[in-house]
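Below, each chain spelled out in residue letters.
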Amino acid sequence: MKRFQFFLLTASLLFSIKAISQTKNSKTMNNQIIEKFSVIGISVRTTNENGQSAKDIEALWGKFWGEEIQNQIPNKIKDDIYAVYTDYETDFNGPYTLIIGLTVNTLENIPEDFVGITIKKNTYQKYVSKGKMPKAVLATWMEIWQNKDLNRTYNADFTVHGKKYYDGENAEVETFISVKE
């Protein structure tokens, strides 16, 4: 769990950095349409200003793992963990909401202190981070922030932490960025 917390702290700090370097650790895929889906989880409203997201995101992931939130989510479809970035006030420099949870087949019976969200059908640019984590996924986010041609909608972006995330040197995490068609 300490390694994962380090990952979150590092990822959060990188959100606060305005200077972004070129990376080669992720593979960009073509745009794809993803049908609507729902997630139940826990959330925090944060901002990348003054390093606030580093504190908030680390605390949220700590709660997710420490309280075994994944075991409290009803109607889950599978065990892949979704980190959904949504309700952007402007772009990644402004306030936004992070929800960490699992996909579900219904938003009925949301536990107290949890939230439910339906992500609408949208076009996404998919990135696959491959290699040692968290380095590979952090490099992917740097690539995304640097990409001035990525026509983001800032509706909802998400990462999928599936079984391959825990596969050491061969780990994979998928990142989906909502884009205009």
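Presented here is a report on the structure given in the accompanying data block. Starting afresh in each chain, residues are numbered from 1 along the sequence in its written order. Since the coordinates come from a predicted model, pLDDT governs what is reported: local features require at least 70, and pairs of side-chain atoms require 80 or more to be given and counted, while whole-chain, interface and lining totals use all residues. In computing side-chain properties, one takes all heavy atoms of the structure into account and sets aside hydrogens as well as water.

1. Section: the overall build of the protein chain
Here is the rule we go by: Numbered from the N terminus, helices here are DSSP runs of H or I no shorter than four residues, and strands are runs of E no shorter than two. The rule is simple: take the accessible area with a 1.4 Å probe, protein chains only, and divide by the maximum for that residue type; under 20% is buried, over 50% is exposed, in between is partly exposed. Residue burial considers only the protein chains on display, and all accessible areas are found by Shrake-Rupley using a 1.4 Å probe.
Helices and strands together make up the secondary structure of the protein chain, namely three helices and eight strands. Secondary structure of the protein chain in N-to-C order comes out as α-β-β-α-β-β-β-β-α-β-β. By the burial criterion, 52% of the 181 residues in the protein chain qualify as buried. Surface exposure of the protein chain reaches about 9500 Å², of which carbon and sulfur atoms provide 47%.

2. Remarks on the pattern of salt bridges
Note the threshold: Any Lys or Arg side-chain nitrogen found within 4 Å of a carboxyl oxygen on Asp or Glu counts as a salt bridge.
Taken as a whole and judged by the stated rule, the model has six salt bridges. A salt bridge links Asp-80 to Lys-78; its shortest N-O distance comes to 3.4 Å. With a relative accessible area of 40%, Lys-78 lands in the partly exposed category.

3. Brief notes about the environment of Ala-59
Along the chain, Ala-59 falls in helix α2 (residues 52–66). The exposure class assigned to Ala-59 is partly exposed, which follows from its relative accessible area of 49%. Linking Ala-59 and Val-44, residues 15 residues apart in sequence, is a C-alpha distance of 9.2 Å.

4. Side note on the side chain of Thr-159
Just so we agree on the cut-off: Distance and chemistry together define a polar contact, namely a pair of N or O atoms within 3.5 Å, with one atom able to donate a hydrogen and the other to accept it when in protein, and with adjacent residues in sequence counting only for side-chain atoms on both sides. By the convention used here, residues are in contact when the closest approach between their heavy atoms is within 4.5 Å.
The topology assignment puts Thr-159 in strand β7 (residues 156–161). Here His-161 takes part through its side chain, which lies 3.0 Å from a polar atom of the side chain of Thr-159. Once you skip the residues sitting within four places of it in the chain, Thr-159 turns out to touch Ile-81, Tyr-82, Ala-83, Trp-141, Val-173, Glu-174 and Thr-175.

5. Notes on the pairing of strand β4 (residues 96–104)
Quick reminder of the rule: Note on pairing: DSSP must find at least two bridges between two strands before they are called paired.
Taking burial as the measure, the nine residues of β4 include nine buried ones, the bulk of the element. Pairing of strand β2 (residues 37–46) with β4, which is carried by nine bridges, proceeds in the antiparallel orientation. Counted as the bridge partner of Ser-43 is Ile-99 from β4. As defined by bridge partners, strand β3 (residues 81–86) adjoins β4 across five bridges and the pair is classed as antiparallel.

6. Some remarks on the packing of aromatic side chains
Convention followed: The criterion for an aromatic pair is that two Phe, Tyr or Trp rings (for Trp, the six-membered ring) have centres within 6.5 Å, with stacked assigned to planes under 30 degrees apart, edge-to-face to planes over 60 apart and tilted to the rest.
Using the criterion set out here, one finds 14 aromatic pairs in the structure. Seen from their ring centres, Tyr-85 and Tyr-96 are 6.1 Å apart, and the 45° between their planes marks the pair as tilted. In this pair, Tyr-85 sits in strand β3 while Tyr-96 sits in strand β4, placing the two residues eleven residues apart along the sequence. Using a relative accessible area of 8% as the deciding quantity, one classes Tyr-85 as buried. Classification of Tyr-96 as buried rests on a relative accessible area of 1%. A centroid spacing of 4.8 Å and a plane angle of 20° characterise the contact between Phe-158 and Phe-176, whose relative ring orientation is stacked. On the criterion of sequence distance, the pair formed by Phe-158 in strand β7 and Phe-176 in strand β8 (residues 172–179) is long-range, its members being 18 residues apart. The class of Phe-158 is buried, set by a relative accessible area of 2%. Through a chain of ring-to-ring contacts, three or more aromatic side chains come together here, namely Phe-37, Tyr-82, Tyr-124, Phe-158 and Phe-176.

7. Concerning the pairing of β7
Of all six residues in β7, six are buried; the element is thus mostly enclosed. Here β7 shows no split at all, with Ala-156, Phe-158 and Val-160 on one side and Asp-157, Thr-159 and His-161 on the other all buried. Of the pairings in the sheet, the one linking β7 to β8 comprises three bridges and is antiparallel in character. Paired with Thr-159 across the two strands is Thr-175, which belongs to β8.

8. A few points about α2
What counts, and what does not: How far a helix is expected to stretch is found by multiplying one less than its residue total by 1.5 Å.
Between the first and last C-alpha of α2 there are 21 Å, a value that for 15 residues agrees with the 21 Å anticipated at 1.5 Å per step. Buried within α2 we find Ser-53, Ala-54, Asp-56, Ile-57, Leu-60, Trp-61, Gly-62 and Phe-64. One or two steps after α2, the chain reaches Glu-68, where phi turns positive at roughly 50°.

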